[in-house]
Amino acid sequence: MDLKPVSPFVQDEFAAYEKLRPIYMSEGHFLNQFLWENYYHTRYMTDDLALYLVIRLTDGSNSLPGNSLSSHGFFAPLCRESDLPEVFSRMERFSIDCFHEPLRIFLADSRMIDILTEKNCLGGYTITPQRDSFDYLYDAEKLRNLSGKIMHKKKNLVNSFLKTYEGRFSYETLGIKNIKEIKAFHQKWLDERRIYDKYNCIDDEEEGIYRLFGNCQSIRCKMGGVRIDGELRAYTIGSYCPDTHMAIIHVEKADVNFRGLYNYINQQFILHEFPDALLVNREDDLGQENLRQAKLSYRPVRLEEKFIISDFSTSLS
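These numbers were taken from a predicted model, which means no experiment stands behind them.

Conventions and cut-offs
- Going along each chain's sequence as written, the residues are numbered from 1 onward.
- Thresholds applied to this predicted model are a pLDDT of at least 70 for local features of residues and 80 or more for the giving and counting of side-chain atom pairs; totals over whole chains, interfaces and linings are not thresholded and use all residues.
- Based on all heavy atoms of the structure, the side-chain values leave hydrogens and waters out of the count.
- Side-chain rings of Phe, Tyr and Trp, where Trp is taken by its six-membered ring, are said to pair if the distance between their centres is within 6.5 Å; with planes under 30 degrees apart they count as stacked, over 60 as edge-to-face, and otherwise as tilted.
- By definition, being over a ring means that NZ of Lys or CZ of Arg is both within 6 Å of the ring centre and within 35 degrees of the ring normal.
- Salt bridges are defined by distance alone: a side-chain nitrogen of Lys or Arg within 4 Å of a carboxyl oxygen of Asp or Glu.
- Helix and strand assignments come from DSSP, with helices taken as H or I runs of at least 4 residues and strands as E runs of at least 2, each series counted from the N terminus.
- Any residue under 20% of the maximum accessible area for its type is buried, any over 50% is exposed, and the rest in between are partly exposed; the area is computed with a 1.4 Å probe on protein chains only.
- Two strands form a pair only when DSSP identifies at least two bridges running between them.
- Here, residues are in contact when the closest pair of their heavy atoms is within 4.5 Å.
- To get an axis, a line is fitted to the C-alpha atoms, and for a helix only the part in contact is used. The angle between two axes follows their N-to-C directions and goes from 0 to 180 degrees.
- Orientation categories follow fixed angle ranges, with anything under 35 degrees roughly parallel, anything over 145 roughly antiparallel, 65 to 115 roughly perpendicular, and all other angles oblique.
- We call Asp, Glu, Lys and Arg charged. Ala, Val, Leu, Ile, Met, Phe, Trp, Tyr, Cys and Pro are nonpolar, and the rest, Gly among them, are polar.
- For a helix, the expected span equals 1.5 Å multiplied by the number of residues minus one.
- Note that the arc is defined by the directions from the helix axis to the C-beta atoms.
- As defined here, a cavity is a set of points on a 1 Å grid over the protein atoms alone where a 1.4 Å probe fits but cannot get out. A pocket is an open set with protein on both sides within 12 Å along at least five of seven lines, and residues line them when an atom is within 4 Å of a point.
- Grid points are joined across faces, edges and corners, and a volume is the space filled by probe spheres set on the points.

This part covers the packing of aromatic side chains. The geometry of an aromatic ring pair comes down to the distance between the two centres and the angle between the two planes. Under the definition given, this model contains 21 aromatic pairs. Their ring planes at 85° and their centres at 5.3 Å tell us that F94 and F99 sit as a pair that is edge-to-face. When the ring centre of F34 is taken as reference, the NZ or CZ atom of R211 above it lies at 3.9 Å. R302 extends its terminal NZ or CZ atom over the ring of Y24, reaching a point 4.9 Å from the ring centre.

What follows concerns the pattern of salt bridges. Across all of its chains, the model carries 25 salt bridges by this definition. Close ionic contact of D229 with R168 constitutes a salt bridge, the shortest N to O distance being 2.7 Å. Taken as a pair, D229 in the loop between β9 (222-228) and β10 (231-241) and R168 in the loop between α7 (152-164) and β8 (169-174) lie far apart in primary sequence, 61 residues in all. The exposure class of R168 is partly exposed, given its relative accessible area of 36%. Between R302 and E304 there is a salt bridge; the shortest N-O distance is 3.1 Å. When its relative accessible area of 32% is taken as the criterion, R302 is described as partly exposed. Among the residues examined, E304 registers a relative accessible area of 7% and is labelled buried. A single salt-bridge network, built from bridges that share partners, covers D47, D48, E86, R90 and R93.

Attention shifts here to the sheet that holds strand β14 (residues 306-310). Pairing within the open sheet is mixed, and its seven strands lie in the order β1-β2-β3-β4-β5-β14-β6. Looking at strand neighbours, the two that pair on one side only are β1 (4-5) and β6 (126-129), the edges of this open sheet. Alignment of strand β2 (residues 43-46) against strand β3 (residues 51-57), held across four bridges, turns out to be antiparallel. Within β3, the position partnered with Y44 by the bridge is L53. The sheet strands contacting helix α5 (residues 110-118) are β5 (104-109), β6 and β14, and the helix crosses β5 at an angle near 115°.

Here we take up the packing of helix α4 (residues 84-99) against α5. One can describe the packing of α4 onto α5 by two numbers: an axis separation of 9 Å at closest approach and a directional angle of 90°. As summarised for this structure, α4 and α5 are arranged roughly perpendicular, according to the angle between their axes. Touching L84, P85 and F88 of α4 are M112, I115 and L116, all from α5. In terms of residue class, the contact of α4 with α5 is made up of six nonpolar, no polar and no charged.

Our focus in this paragraph is α4. Taking 1.5 Å as the rise per residue, α4 with 16 residues should run 22 Å; its terminal C-alpha atoms sit 21 Å apart, in good agreement. Residues L84, V87, F88, M91, F94, S95 and F99 constitute the buried set of α4. Considered in projection along α4, the buried side chains sweep an arc of 120° and stay on one side of the axis. The inward-facing, buried residues of α4 abut β2, β3, β4 (71-75), β5, α5 and β14. One or two positions beyond α4, positive phi appears at H100, with a value near 55°.

Within this model, the second largest pocket holds a volume of roughly 400 Å³. If you go around the second largest pocket, you meet 19 residues; those closest to its centre are R220, S239, Y240, C241 and P242. Secondary-structure elements contributing two or more residues to the lining of the second largest pocket are α1 (11-18), α2 (30-35) and β10. For the lining of the second largest pocket, a count of residues per class yields ten nonpolar, three polar and six charged.

With that settled, consider the packing of α7 against helix α10 (residues 261-273). Where α7 contacts α10, the two axes come as close as 8 Å, and the packing angle between them is 100°. The angle between α7 and α10 falls in the class roughly perpendicular. Side by side, α7 and α10 meet where K154, L157, V158, F161 and L162 of the first sit next to L261, N263, Y264 and Q267 of the second. Looking at the contact of α7 with α10 residue by residue, the classes come out as six nonpolar, two polar and one charged.

Structural measurements only, silent on function.
Take a look at the structure:
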């Protein structure tokens, strides 16, 4: 099996495998893998059962504990639930035969863990939850309407923004024609946020976003932004999984000097770009406490848990 890059031209191949079982974590979808290919050095391969995501861990991949220089691992495979035991067995053999390393699977979802446990596949393996990587899943309608007591503070922030900047702001669906100004805004935002980069990943995120900007004609995604006094002050990028009716928010950047702007673009993006979504995945918090509190404050319907499956007892002599 050939290891291939996650290029703009393989999204249809990914989509065919994504349909094989419901996957609610962001790493199970093409755009997430495309954006983070450089950070995880991701390559993929396929066979008659699955699409396998192979990663190469370096000292820079700090968000995945237990790594060592130039070691390898997998993300959760894209396959049918019924095929997970056989696919797991193939991953074991591939890891030993090709990488000469014991199998490690990073960011396996809880459904995968349950199935492999039921089929007695995980004897001798250690299963470790990775809280910093849990995704936040929300009721899409609640994000659109900000209805109910729980969302009262969020609605007040949006109303305050509307009142403060009345006549000065606009939401806009963005596209190829806006790439130059999105880049300019993104660079400014990036320079102000490096101090919060717990996992040293912000430059790799930037590279992934710039790759997306350069290939947005080919990649299926949605982009939206908010202008204040004609100047772009926030933008966001998302994708949609029709099989789970789930929108995934991959990128959201806003100027924090405008109170309520994050809340406003959060609401408007779902309203305008994902009217059919039932769920919204706003990805993980990377262990950043302020981001964790912000995401929890929107009261997710659940956290999509992720685990590391590791076997360091296998003899490779």
